[in-house]
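# Architecture and fold: a report
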Amino acid sequence: MKAIRVGLLGLGTVGSGVVKIIQDHQDKLTHQVGCPIVIQKVLVKNIDKKRDVELSRDILTTNVYEVIEDPEVDVIIEVIGGIEETKQYLLDALRAKKHVVSANKDLIALYGSELLACAKENGCDLYFEASVAGGIPILRALEEGLASDRITKMMGIVNGTTNFILTKMNKDKAPYREVLKEAQRLGFAEADPTADVEGLDAARKMAILARLGFSMNVALDDVKVKGISQVSDEDISFSKRLGYTMKLIGIAQREGQKVEVSVQPTLLPDHHPLASVHNEYNAVYVYGEAVGETMFYGPGAGSMPTATAVVSDLVSVMKNMRLEVTGRSFVDPQFEKKMKSPTEIFAQQFLRIHVKDQVGSFSKITSTFSERGVSFEKILQLPIKDNEDLAEIIIVTHHASEADFIEILQQLNDLEVVHEIKSTYRVEGNGWS
Ligand code: HSE
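Cut-offs applied
Residues numbered from 1 in each chain as written. Predicted model: local features only at pLDDT ≥ 70, side-chain atom pairs only at ≥ 80, totals over all residues. Heavy atoms only, no water. UniProt positions renumbered as here; feature names shortened; annotations may be inferred. Helix = DSSP H or I, 4+ residues; strand = E, 2+ residues; numbered from the N terminus. Rg over C-alpha atoms; globule rule 2.2 N^0.38 Å. Buried < 20%, exposed > 50% of the residue type's maximum accessible area, 1.4 Å probe, protein only. Contact = heavy atoms within 4.5 Å. Areas by Shrake-Rupley, 256 points an atom, 1.4 Å probe, with all protein chains shown as cover. Lys, Arg positive; Asp, Glu negative; His and termini not counted. Charge placed at Lys NZ, Arg CZ, Asp CG, Glu CD. Near = heavy atom within 4 Å. Polar contact = N/O pair within 3.5 Å; in protein donor to acceptor, adjacent residues only side chain to side chain. Nonpolar A, V, L, I, M, F, W, Y, C, P; charged D, E, K, R; others polar. 1 Å grid on protein atoms, 1.4 Å probe; cavity = no way out; pocket = protein on both sides within 12 Å on 5 of 7 lines; lining within 4 Å. Points joined across faces, edges and corners; volume = space filled by probe spheres on them. Patch = residues over 30% accessible without salt bridge, like charges linked within 9 Å, V, L, I, M, F, W, Y side chains within 5 Å. Salt bridge = Lys/Arg side-chain N within 4 Å of Asp/Glu carboxyl O. Expected span 1.5 Å × (residues − 1).

An unreviewed UniProt entry lists the chain under the name Homoserine dehydrogenase, from Bacillus changyiensis. The Sequence similarities (unreviewed entry) comment attached to the chain in UniProt states, word for word, "Belongs to the homoserine dehydrogenase family."

## A closer look at the overall build of the chain
Tallying secondary structure elements over the chain gives 14 helices and 17 strands in all. What you see for the chain is a C-alpha radius of gyration of 24 Å, in line with the 22 Å of a compact globule of 433 residues. Expressed along its principal axes, the backbone C-alpha trace of the chain runs to roughly 85 × 45 × 35 Å. For the chain, the proportion of its 433 residues judged to be buried stands at 55%. Look at the contacts in the chain between residues 6 or more apart in sequence, and 74% of them connect residues 24 or more apart. Split by element, the accessible area of the chain, about 19,300 Å² in all, is 48% carbon and sulfur. The averaged location of the 61 negative side-chain charges in the chain is 3 Å from the averaged location of its 49 positive side-chain charges.

## Topic: the site of the ligand
Around the ligand, a shell composed of Lys105, Asn159, Gly160, Thr161, Asp196, Asp201, Lys205, Gly300 and Ala301 is seen. At a separation of 2.7 Å, an oxygen atom of the ligand approaches a polar side-chain atom of Lys105. Contact between the ligand and Asp196: a nitrogen atom at 2.8 Å from a side-chain N or O atom of the residue. Taking 260 Å² as the accessible area of the ligand by itself, protein coverage stands at 80%. Elements represented by at least two residues in the shell around the ligand include exactly helix 7 (160–172) and helix 10 (200–214). Here the shell around the ligand is composed, by residue class, of one nonpolar, four polar and four charged.

## Quick look at the layout of surface pockets
In this structure, the second largest pocket encloses a volume near 950 Å³. If you trace the second largest pocket, you find 36 residues lining it, with Glu143, Arg211, Leu212, Gly213 and Ser215 closest to the centre. For the lining of the second largest pocket, the secondary structure elements donating two or more residues are helix 5 (105–121), strand 6 (126–127), helix 6 (138–145) and helix 10. Looking at side-chain class alone, the lining of the second largest pocket contains 18 nonpolar, nine polar and nine charged residues.

## Remarks on a nonpolar patch on the surface
Residues Tyr281, Met295 and Tyr297 make up a contiguous nonpolar surface patch of roughly 280 Å² in combined accessible area. With respect to the helices and strands, Tyr281 occurs in strand 11 (residues 281–288).

## A word on helix 4 (residues 84–95)
Its 12 residues give helix 4 an end-to-end C-alpha distance of 17 Å, which sits within 8% of 16 Å, the value for a rise of 1.5 Å per residue. When we look at burial in helix 4, the residues that qualify are Thr86, Lys87, Tyr89, Leu90, Leu91, Ala93 and Leu94. Where helix 4 is buried, its residues meet strand 1 (4–9), helix 3 (64–68), strand 4 (75–78), strand 5 (99–102) and helix 5.

## Here's the deal with the environment of Lys247
Relative to the helices and strands, Lys247 is located in strand 9 (residues 244–255). According to the relative accessible area criterion, Lys247 is buried, its value standing at 1%. Sequence-wise, Lys247 and Gly10 are 237 residues apart; in three dimensions their C-alpha atoms are separated by 32 Å.

## Concerning the UniProt feature "domain: ACT" (unreviewed entry) in the chain
UniProt feature "domain: ACT" (unreviewed entry): in the numbering of this structure it lies at residues 350–426. Annotated as 30% helix and 49% strand, the span residues 350–426 places its first and last C-alpha atoms 6 Å apart.

Below, the structure is given as structure tokens:
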């Protein structure tokens, strides 16, 4: 049987993992797809660089079009990252009738629909399992394992860097800046950590998940994003006292035809399954109408875990090639996109405020909530060390609309007895689903 030939764009961390898996698992892969896989050409930045994979120097090139336009290449694997230029490479590859596997969440979150449409027009496959939660086969789970169900909610810890930082802050009671520095020293956080800590990386993954899970063209701009850089060690210790664990959670939720998608630091009850996902691990909790609760857990990044997702996509393409059914994976979204408005998004909220410790303060605060019909689930009042004029009040509300909660915060800000609103967080997962 004729070998299938791969053009690899990028030989960095993930690219080297892809080469290792193709080489080390050749027997299993050949058995599964019925023919050998050959790495035909590889795009690199520097041909002379020393690498920990064995590849003939002759197949390395610094010219991307030598890979894309190689007539022998059947499938392009893209692991170079980047957005605009890379999009053009992949469009050119698809137009040259090459199937594409990409690990690029930035690109897929922004241009996934356009690339999928181009793939379909050209009878080609485009797979991107590695773009969300690295080694966890979550896109396949949504598209295949749960294809028969209607998904109503997905909650994900889909960023390893922030999960590592929050886990450390929780365990060591250390401030954010200190933990971030340690994470950078250990190689868990990038030198420029902005995309991770400000939630953008997680937002990209949630946009992709929401699109697949809800069959709706959710755009990156539809995802509300708040990162973890403002989370204080006090927020973590007070929430702990109330039985919560802080995580950066992506939430995609559907009610009827309308959806909400957000990424924000969120408090989960300590017994929630996502609360026990520690360090750099990822997990996605999926609720389906028929299946109920499911959870997918594993490494969200790293050379070999991400490479398994990439090579599994390659296997899918190869099976489609053999069955002559390529170019059919793109199903147009079933539903028109309808995002919920702030009056339609309901959640419990955690609020930490410093108030003047004087007669009547508390009742003025509670009236602000009761006037908008919002009640409390938990309240804690404590003295503030070294400042006897102020008191610390922590409130966890019952479900309130986002619109009401924003209004309440504005009114609290205007109250003379309120010294400062220290922080607010969404609370999720009481009773789990
Ligand atoms: N920066 C990402 C993370 C890597 O921290 O999870 C995988 O997308």
